[in-house]
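# An overview of the molecular structure
The primary structure of each chain is shown beneath.
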Amino acid sequence: MTLTAFPPPPPGADHDDLRQEVRAFLAEELADFPPEKRAESWNGFSRDFSRRLAQRGWVGMTFPEEYGGHARSALERYVVSEELLAAGAPVISHWIADRQSGPLILAKGTEDQKHQIVPRIAAGELCFCIGMSEPDSGSDLAATRTLATDVEGGFRVNGTKVWTTYAHVADYMILFCRTGKSEDRHGGMSQFLIDLKATENIQISPIIDLGGEHHFNQVIFDDTFLPSDALLGEKGEGWSQVMSELAFERSGPERFLSSFALIEELIGVLRQDATEAQQAEIGRLSAHLMVLRQMSRSVAGMLNEGKNPALQAAIVKDLGALFEQDIPRLARSLVSRPAVPGGGDSYAAVLAYTALAVPSFSLRGGTREILRGIIARGLGLR
Amino acid sequence: MDSMIHDMAERLFRDHVSHALREDAAAGHCPEALWTRIEEAGLHMALVPEEAGGFGVPAAEALRLVRIAGAHGLPLPLAETLIANAVLARVDLALPGGRLTIAEGAGLRLERRGTAVHASGPLTLVPFARWADRIVTIAALDGADHVLSLPVKDLTVAPAQDLAGMPRDDVKVDLALTEADAAPLPRSLGGMRGLGALVRSLATAGAMETILSMSVEYANDRVQFGRPIGKFQAIQHYLATMAGETAASRTAAEMAADSYDTPAFALTVAAAKIRAGDAAETVGALAHQVHGAIGYTQEHALHHFTKRIWSWRDEFGTELDWTRELGRAALSSPQGTFWHFITDSTAQGTPA
Ligand SMILES: Cc1cc2nc3c(=O)[nH]c(=O)nc-3n(C[C@H](O)[C@H](O)[C@H](O)COP(=O)(O)OP(=O)(O)OC[C@H]3O[C@@H](n4cnc5c(N)ncnc54)[C@H](O)[C@@H]3O)c2cc1C
């Protein structure tokens, strides 16, 4: 039963020296970074931070040196990623580019695209956003309506994308849209690399989330002209390209560490004197976290070997979201202190932030129901 | 070599561990003939070093036999014998052959009487005691851990069983041990509780893999409302959930097996036992939900597996014992370093 087998990460995956360097860097960088900011986890945005991280060689780590990368393994990248998340560092400015857009461009892009874009990703200079979801195409990504039609010298795009995280600050979008008709529901789709700062007729407007924050956006393409070299990969191959991004998107430590700031707060409160019942709950939490980490590192190992562990990634994301979503409930069952947004003590503030964040964890990056459908198919349910 | 013993075990169990054999064992009959085959194949020696008669396979590979045995619901103390032989070999006590079992020795009292050591006290719920030749346990003498090899014929055994009908006997010890049957344990292997928890976690993972594939097969075959129930999304999601839980506990158990005989073992085995217990709850419940009434019968094979995983939850430290232990360790990490506790506890260390 291969679906349930997660081979251990390869020997030496701990990379202890690297880990200590990253910890020292973060201790200094984030010395005054308050818990309620750390609670934002990988939604926190700071171009400066991303640039400084890149100066240390910790962005684009797995990219070839020829493209400004550092030719390090997926497991070394994993060490840096998990240390950043555990510390609550503001990473979103480079996160998406580093995680999936960069690897996609490297895999499918032209030499020009690779040389122009990838070194700047590795320098921590570029923020990417993902243009997949639309008003009528959420889980059903193949229902995408946004259409790019061939015109002289390029394409003209019309349509609307939604929930586009950080589109309002991003430099580039990777757009997934229709480029033709096809008998096959998954055919006739393509991906484009769009320079958001230099392209006209794109209207980006905020969508405020329930926490009152502006993370995601609506992006309207209104006869937007894209030059032909904006096409990323093969025309008509968009579906399979998008699918291969997902193992990168779904298995990383951000799929179970999003509530980590609250875990630290909770343990901080209980450390002094915990009842046996409280100890037991922290023991259970620790066990789940240790195992999720091992599973996620196992997927990193498989990615490093060039395998496509899409099913294992779906399992990690499903289990990881359950874990991170459960932390506010757990905190409330162990500590009697109300959540207070921006509240006086850091526990109350972090609980408030996290309680409002968790509903999104089983939506973004593929809903729980969609992931379970993928796993069920992998089980051979006919 | 590694995969050879796994293939051999897989074939042996597939050919010989039937529903009827498990039923028979649950009714109290020891499957002697099958044990002879296991011994002939040498599986019971897989975890001892080559110089003591083993195959020289890495411990983690040898321990995989336990998952395979769990996947077949083997009603014999193979896991116990593997561990017992490994512990005896560690302290250079004779490997007596035959079926062995293990027990936590916390209830035993050891006293020196001349050159002999007198052992007395109870051992509770000892797996397969009445089918075993010897019980290997660890107890304290002069403040130091000692390995004891206790001949069952000289003990008083009161039969009892677990949920799956497997022998879990209460044993009274009152006998004098010679040097041939007691030796100091220089470096802890994790204690009998830890070692027992390791093999139960591995067996649970194996049993859950079988439960999952039985459930998938049943969902594809059973037709209601004109289609296989596996076509219903609710059933698909149950099975996907079972797959996730199974994968997690297998990963956890293998992580513990990989750290066998290293300092990391104390915490990884706690995680493995806790994760297996949590998964047993979900996987057992959903498997029965998917199977409907037929799965609730003695006739159907499912119960041999679900009852085993439910029993194993409580053995060699209950979930509450292990969650408290791991929680205490986690909470004793210095302020702001819980993350370091997590990375340290799952570190592989330097490869041997
Ligand atoms: C915080 C956040 C950030 C996001 N960032 C981005 C981004 O940067 N770029 C981007 O493109 N998208 C982004 N998304 C969108 C995300 O990918 C979608 O929300 C997700 O794919 C689900 O689509 P939907 O919201 O339209 O829900 P729907 O697809 O309408 O689903 C609603 C409910 O129905 C269920 N459902 C749907 N189909 C089925 C089915 N076949 N079987 C069973 N149940 C089903 C779903 O699981 C869900 O529970 C983001 C979302 C969030 C919450």
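My aim in this report is to walk through the structure given alongside it, one point at a time.

How each quantity is defined
Residues numbered from 1 in each chain as written. Chains lettered and ligands numbered in written order. Predicted model: local features only at pLDDT ≥ 70, side-chain atom pairs only at ≥ 80, totals over all residues. Heavy atoms only, no water. Helix = DSSP H or I, 4+ residues; strand = E, 2+ residues; numbered from the N terminus. Rg over C-alpha atoms; globule rule 2.2 N^0.38 Å. Contact = heavy atoms within 4.5 Å. Areas by Shrake-Rupley, 256 points an atom, 1.4 Å probe, with all protein chains shown as cover. Lys, Arg positive; Asp, Glu negative; His and termini not counted. Charge placed at Lys NZ, Arg CZ, Asp CG, Glu CD. Buried < 20%, exposed > 50% of the residue type's maximum accessible area, 1.4 Å probe, protein only. Core = buried A, V, L, I, M, F, W, Y, C linked by side-chain atoms within 4.5 Å. Buried area = accessible area lost by both parts, 1.4 Å probe. Salt bridge = Lys/Arg side-chain N within 4 Å of Asp/Glu carboxyl O. Polar contact = N/O pair within 3.5 Å; in protein donor to acceptor, adjacent residues only side chain to side chain. Nonpolar A, V, L, I, M, F, W, Y, C, P; charged D, E, K, R; others polar.

Looking only at helices and strands, chain B features 11 helices and 10 strands. In terms of overall dimensions, chain B is globule-like: its C-alpha atoms have a radius of gyration of 21 Å, near the 20 Å expected for 352 residues. Each principal axis of the C-alpha atoms in chain B carries an extent, and together these give about 80 × 55 × 40 Å. For chain B, restricting intrachain contacts to residue pairs at least 6 apart in sequence, the fraction spanning at least 24 positions comes to 73%. Just so you have it, chain B exposes about 13,700 Å², and 52% of that area is on carbon and sulfur atoms. Charged side chains of chain B number 30 positive and 42 negative; the gap between the two group centres comes to 4 Å.

Our next topic: unusual backbone geometry. Unlike most non-glycine residues, Asn201(A) shows phi in positive territory, near 65°. You can call Asn201(A) partly exposed: its relative accessible area is 45%. The backbone phi angle of Asp142(B) is positive, close to 50°, even though this residue is not glycine. For Asp142(B), a relative accessible area of 58% translates into the label exposed.

Our focus in this paragraph is the nonpolar core. By size, the foremost hydrophobic cluster in this structure holds 191 residues, and its most contacted members are Phe128(A), Phe13(B), Ile38(B) and Phe338(B). For this core, the element with the most residues is helix H6 (residues 191–221) of chain B, which contributes 15 residues. Other than its neighbours up to four places away in sequence, Phe338(B) contacts Phe260(A), Ile263(A), Glu264(A), Ile267(A), Arg271(A), Leu285(A), Ser286(A), Leu289(A), Ala330(B) and Ser333(B). Counting residues in each nonpolar core, the second largest holds 21 residues, with Ala103(B), Val117(B), Val126(B) and Ile135(B) among its members.

Tallying the contact residues gives 54 residues for chain A and 58 residues for chain B. Carbon and sulfur atoms supply 63% of the area that chain A and chain B bury against each other, a total of about 4,700 Å² over both sides. Among the residues chain A hides against chain B, the three largest losses belong to Arg271(A), Met290(A) and Arg382(A). Together they make up 16% of the total. Taken together, the connections running from chain A to chain B amount to 3 salt bridges. With its nearest N and O atoms 3.3 Å apart, the salt bridge here joins Glu319(B) to Arg284(A). Run the count over chain A and chain B and you get 16 residue pairs in polar contact (both at pLDDT 80 or more). Of all the secondary structure elements, the ones that give two or more residues to the side of chain A that touches chain B are helix H1 (16–29), helix H4 (74–87), helix H8 (260–270), helix H9 (276–304), helix H10 (310–334) and helix H12 (368–378) of chain A. Looking at the side of chain A that touches chain B, the element that brings in the most residues is H9(A), giving 17 residues. A per-class count over the side of chain A that touches chain B returns 30 nonpolar, 10 polar and 14 charged.

Here the focus is the environment of Ala271(B). With respect to the element layout, Ala271(B) can be found in helix H8 (residues 265–291). Along the backbone, Ala271(B) and Thr323(B) are 52 residues apart, and their C-alpha atoms lie at a distance of 8.2 Å. Each residue touching Ala271(B), except ones within four places of it in the same chain, is listed here: Ala287(A), Met290(A), Ala252(B) and Leu326(B).

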